[in-house]
Structures are given as C-alpha cells and as structure tokens.
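A look at the structure
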Amino acid sequence: MDYVDDICDLIGDTPLVRIGDLAAGLEPLVLAKVEYLNPGGSSKDRIAQSMIDAAEKSGQLRPGGTIVEPTSGNTGVGLALVARRRGYRCVSVCPDKVSESKRDTLKAYGAEVVVCPTSVPPDHPDSYYSVSDRLARDIPGAWKPDQYSNPENPASHYRTTGPEIWQQTRERVTHFVAGIGTGGTISGVGRYLKEVSGGRVRIVGADPEGSVYSGGTGRPYLVEGVGEDMWPQTFDKDVCDEVVRVTDAESFAVTRRLAREEGLLVGGSCGLAVAAALKVARGCGPDDVIVVLLPDGGRGYLAKIFNDTWMAAHGFLPPGGEMTGVGDLL
Ligand code: PMP
C-alpha cells in the first residue's frame, strides 16, 4: 500500500507549474514552484522541520520541551504542525492586530496563542517580542527558534528547495525569483543554484515598494510576509543579483489573475513574486527558464486581496470597477 507514516514526511518536493496566460507574449518559460502544496500550506513547513531537527540534535530541544515563537503566520503553522506531531508544546505569541482566523488556525493545529497589544513599542514589557523572550526564559525546557537569525532557515532551502528546482528543470533554470522576508528562501536557494551552475543562474529578489531591500525606509505596505524595515541575519544580500521593486497594486492585481486565470489561489507575496518574474521575463529570450517561488495559498487572504470592498477601500479598485489588467501595470 502506498502511504506515509506521518504528514510531515510530505514536506517539500513541491511541483513546478507553467504560468500560461499571464506570461502570454513573453519568450521564456516561466515556472511557478507551488509551495502551498506543503502539508501546512506554505514554504515555512520546510524551515520549521529543519529548525526543530537541528534543535533536537544540539540538545536545545528535549522531549517534553516547549517551542515559543513570536509569529502568527506561516512559520507559526509550520512550527505547530511539526511540534505537535513530535509531542512538543507550541506557543505562538502574536500582536492583537492578527486576525481571528489566523489565531484559530494556530489553535486548530494545537498551538497555544498568547495575544499582546500592538500599540506598545518593541521594548515595552507587554510587546510580543518582550513576552516571547520572557516565556522562552521562564518556561522550563523552552526553546525559541527565531527564524530571523536561525541558520537552519536558509540552510533548509539550500538542502531541499534549491536541489529540487535544479533537478526539476533538468539543470536548465536560468533565473530564480522570490520575495524577501527573512531572506531565508532566496539566500538558501540562491546560494545552491549559484554553486551548482558555476554562477550562471541569476538570482532576483522581489520587494514591496518602501521596504529596505529595494532602497526604502520600511514605509508601510500592505502585502504580507515580505519586505522589512531592518536587515535580518538570515538574508545574504550578496547572493542577490538584482532586487525588483513591486507596488501593492501590482502585487494584488497579479495575485487575483493567478487565481482566476491560472487556477492558482495564492497569497499576495506570490503575486508580488510573479509580477517581478514577468518584469524579468520581458528582458529574456526563448532559451531562458525562470522559476518563481509561490510561498503560500490564498485562503488566508479572502477577506482582503480577494474582497472587492477591502480592495476598493485601499484604492486598488476603481469604485464599482474591475481590476486593471496586469499588462497596464507592468
Ligand atoms: N511570503 C510569505 C507569505 C511569507 O510568509 C514569507 C516568509 N516571511 C515570505 C514570502 C518570504 O520568505 P523568506 O522569509 O524566506 O524570505
């Protein structure tokens, strides 16, 4: 019989899907690496598994231990999934701006959710940073993975995502495009593809307009999971040949088209990455193979990007109107 023992055995080995209509008229092959097909629904399952493996090996995490991380998003889900399967307690500390449905998802996976006020500075004792530090210190056997400094974050992509792309494209990938949050994905995949291709593969970061990675100051943008107001340790900026800036309007327009036209119901950072990949594709030829990584699915964004009222309220939809075609935006 054909089965796995543990849902976590299905982390990784995600497929590549050709982007069709959205890339019409462009010469290169554009392939999407569909990470929402991981069991927890995002690329963060990979780093959760690797960070936990390494902590078990080093003795930082022992049987009966507790994982404490200040995260509400995909990393929280990945950590809860792997932690609970291995019998650890998992505590997600998040600011109160995090939606009810995200908190409920974490609880559904068996995590405990601690909610902190958003309106206090990071060094305030009630901030979610301070609270997670305190819990990690005070709970016996607690361990904090810290995805922004944990070397297993980029290392997991170096060991898995990078080799998958190289093999799936039969060593023909010429460009890799990914959004940058912690920088773990682009640094790990980028380093692997550079090494294995002798520097031939071009590594392109996609960044929301306003983020520091493309020269901004960290000014707020609405796309989630990407962009920063500081430079994390997990981002190796030397691996990036180029960073392409993408506006929220472009990201969300492409996200909507991916669902409607390609059948890929994915998150806003996927639209951002594909918008950047299409910009790159415009300058490429028929022999080029562009792989763009889509970190998560779109179900978590139904009340925002896929909701006309929310989109109109933020100026992304003309009143009563339809989305502008991506051709007009790029
Ligand atoms: N998109 C989403 C939705 C994410 O949650 C993340 C992770 N923060 C990223 C993109 C960026 O990935 P990385 O942290 O590896 O740079």
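Treat the numbers as computed from the prediction; the structure is a model and nothing was measured. (Residues numbered from 1 in each chain as written. Predicted model: local features only at pLDDT ≥ 70, side-chain atom pairs only at ≥ 80, totals over all residues.)

1. Some words on the nonpolar core
- With 58 residues, the main nonpolar core has Phe176, Val177, Ala273, Val274, Ala277 and Val292 as its most contacted residues.
- Here the element with the most residues in this core is helix α8 (residues 268–281); it accounts for 10 residues.
- Core analysis: the next-biggest nonpolar cluster, separate from the first, contains 30 residues, Ala48, Ala55, Leu81 and Tyr88 among them. (Core = buried A, V, L, I, M, F, W, Y, C linked by C-beta atoms within 7 Å. Buried ≥ 20, exposed ≤ 12 C-beta atoms within 10 Å, placed from the backbone. Helix = DSSP H or I, 4+ residues; strand = E, 2+ residues; numbered from the N terminus.)

2. Re the packing of helix α1 (residues 44–58) against helix α2 (residues 74–85)
- In contact at an axis separation of 8 Å, α1 and α2 are set at 50° when each is read in the N-to-C sense. On the basis of the axis angle, α1 is oblique to α2. Between α1 and α2 lies a crossing of right-handed hand. Mapping the contact onto sequence places Lys44, Asp45, Ile47, Ala48, Gln49 and Ile52 in α1 and Asn74, Thr75, Val77, Gly78, Leu79, Leu81, Val82 and Ala83 in α2.
- Grouping the constituent residues of the contact of α1 with α2 by class yields eight nonpolar, four polar and two charged. (Axes fitted to C-alpha atoms, helices over the stretch in contact; angles between N-to-C directions. Parallel < 35°, antiparallel > 145°, perpendicular 65-115°, else oblique. Left-handed = near helix turned anticlockwise from the far one by under 90°. Contact = placed C-beta atoms within 7 Å. Nonpolar A, V, L, I, M, F, W, Y, C, P; charged D, E, K, R; others polar.)

3. A short note on the sheet that holds strand β9 (residues 242–246)
- If you trace the six strands from one edge of the open sheet to the other, you get β1-β2-β10-β7-β8-β9, paired in mixed fashion. Either end of the sheet is taken by a strand with one partner, and the two such strands are β1 (16–18) and β9. Put simply, the sheet's adjacent strands are angled 25° from each other on average, direction ignored.
- Where strand β7 (residues 175–179) lies against strand β8 (residues 202–208), five bridges are found, and the strand directions are parallel. By the bridge assignment for β8, Val177 is matched with Val204. (Pairing = 2+ DSSP bridges.)

4. Notes on the environment of Glu209
- With respect to the helices, strands and loops of the structure, Glu209 is situated in the loop between β8 and β9.
- Sequence separation between Glu209 and Pro220 is 11 residues, and the spatial gap between their C-alpha atoms is 8.9 Å.
- Ignoring anything within four residues of it in the chain, the contact list for Glu209 reads Gly216, Tyr221, Arg245, Val246 and Thr247.

5. Focus on unusual backbone geometry
- Even without a glycine there, the phi angle at Asp13 is positive, about 55°.
- As for its position among the elements, Asp13 is in the segment before β1.
- The class of Asp13 is exposed, set by 11 C-beta atoms lying within 10 Å.
- For Arg170, which is not glycine, the phi torsion reads 50° and is therefore positive.
- As for its placement among the helices and strands, Arg170 is situated in the loop between α5 (152–168) and β7.
- Among the residues examined, Arg170 registers 8 C-beta atoms within 10 Å and is labelled exposed.

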